[in-house]
Amino acid sequence: KQEVTQIPAALSVPEGENLVLNCSFTDSAIYNLQWFRQDPGKGLTSLLLIQSSQREQTSGRLNASLDKSSGRSTLYIAASQPGDSATYLCAALGAGGTSYGKLTFGQGTILTVHP
Amino acid sequence: DAGVIQSPRHEVTEMGQEVTLRCKPISGHDYLFWYRQTMMRGLELLIYFNNNVPIDDSGMPEDRFSAKMPNASFSTLKIQPSEPRDSAVYFCASINTLRGSITDTQYFGPGTRLTVL
């Protein structure tokens, strides 16, 4: 059974810092690894999707990497802003067995960027 | 596009009552997913449908939970009878695989916050 772990559970940084959020998964049989953002009381918004054959994806100040063999992904946020404050979730999309087509989520990293 | 619509946004009920949560996927989307989010267990997949047919309900916690999708634009998740441990945020998500695949990103609704007293 796929297990996804995110470290740290919470992070508080001053505005302008570059930061890294970590995600690890136990089963490398995945189609892709996805990063979502969740604001309080809201649904999830997709940030980046990295296919299993890719190494990284970039969108603006966000860069996500994937090392499938080691079961790790990182989300890098450059020049953080208060508006980046949210919970960040990573999720692995299963490619085989009982995990096929299913997203398994980590517990999330709560990010606070203070002015 | 209105996005995935869920109702109600908040529901407070008493233990033993029946609860029905509703979801309208994005028009044209052929996969629909129901998730539950709690502090203890995080976000978990409960069940998903393809073209209105349930494909995998292995995440449904107990027989008290049931889900239906009578047509392409509507799905319900019912809990009967409800218990305090069912308190959570329930999300619905959808994908259009007719222009892509199940590997594409899912579009999530805003969720229904359920509190069972």
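Residues numbered from 1 in each chain as written. Chains lettered and ligands numbered in written order. Predicted model: local features only at pLDDT ≥ 70, side-chain atom pairs only at ≥ 80, totals over all residues. Heavy atoms only, no water.

Engineer: What should I look at first to understand the state of the cysteines in this one?
Structural biologist: In protein structure, a disulfide is the covalent linkage between the sulfur atoms of two cysteines. Residue and element names in this part refer to chain A. Under the definition given, this model contains two disulfides over all chains. Each sulfur of the disulfide joining C23 and C90 lies 2.0 Å from the other. Judged by the sign of its S-S torsion, about 75 degrees, the bond between C23 and C90 is right-handed. Residue C23 is located in strand β3 (residues 19–25), and its partner C90 is located in strand β9 (residues 86–94); the two are separated by 67 residues in the primary sequence. Accessibility expressed as a relative area gives 3% for C23, which makes it buried. (Disulfide = S-S within 2.5 Å. Helix = DSSP H or I, 4+ residues; strand = E, 2+ residues; numbered from the N terminus. Buried < 20%, exposed > 50% of the residue type's maximum accessible area, 1.4 Å probe, protein only.)

Engineer: Whenever I open this one, the sheet that holds strand β7 (residues 62–67) of chain A confuses me. Can you help?
Structural biologist: Either a parallel or an antiparallel arrangement is found when strands of a sheet pair, and the pairing is made through backbone hydrogen bonds. All names here are of chain A. Taken together, the five strands give an open sheet; going across it, the order is β1-β3-β8-β7-β6, and neighbouring strands pair in antiparallel fashion. Two strands lie at the open edges of the sheet, namely β1 (4–7) and β6 (56–59), each paired on one side alone. Across the sheet, the mean angle separating the axes of adjacent strands is 15 degrees when strand polarity is ignored. Strand direction decides the pairing type here: β3 and strand β8 (residues 72–77), joined by six bridges, are antiparallel. Opposite V20, over in β8, you have Y76 as the bridge partner. (Pairing = 2+ DSSP bridges. Axes fitted to C-alpha atoms, helices over the stretch in contact; angles between N-to-C directions.)

Engineer: Help me understand the interface of chain A and chain B, please; the structure alone is not making it clear to me.
Structural biologist: Frequently, the measure chosen for interface size is the accessible area that the parts lose on association. In this complex, chain A contributes 20 residues to the contact, which on the side of chain B involves 22 residues. Here chain A meets chain B over a buried area of about 1,500 Å², counting both sides, of which 52% is carbon and sulfur. Across the contact surface, chain A and chain B share one salt bridge. In this assembly, chain A and chain B are joined by eight residue pairs in polar contact (both at pLDDT 80 or more). Here the side of chain A that touches chain B gets five residues from one element, more than from any other, and that element is strand β4 (residues 30–38) of chain A. For the side of chain A that touches chain B, the class distribution of residues is nine nonpolar, nine polar and two charged. (Contact = heavy atoms within 4.5 Å. Buried area = accessible area lost by both parts, 1.4 Å probe. Salt bridge = Lys/Arg side-chain N within 4 Å of Asp/Glu carboxyl O. Polar contact = N/O pair within 3.5 Å; in protein donor to acceptor, adjacent residues only side chain to side chain. Nonpolar A, V, L, I, M, F, W, Y, C, P; charged D, E, K, R; others polar.)

Function cannot be inferred from these measures alone, as they are strictly geometric.
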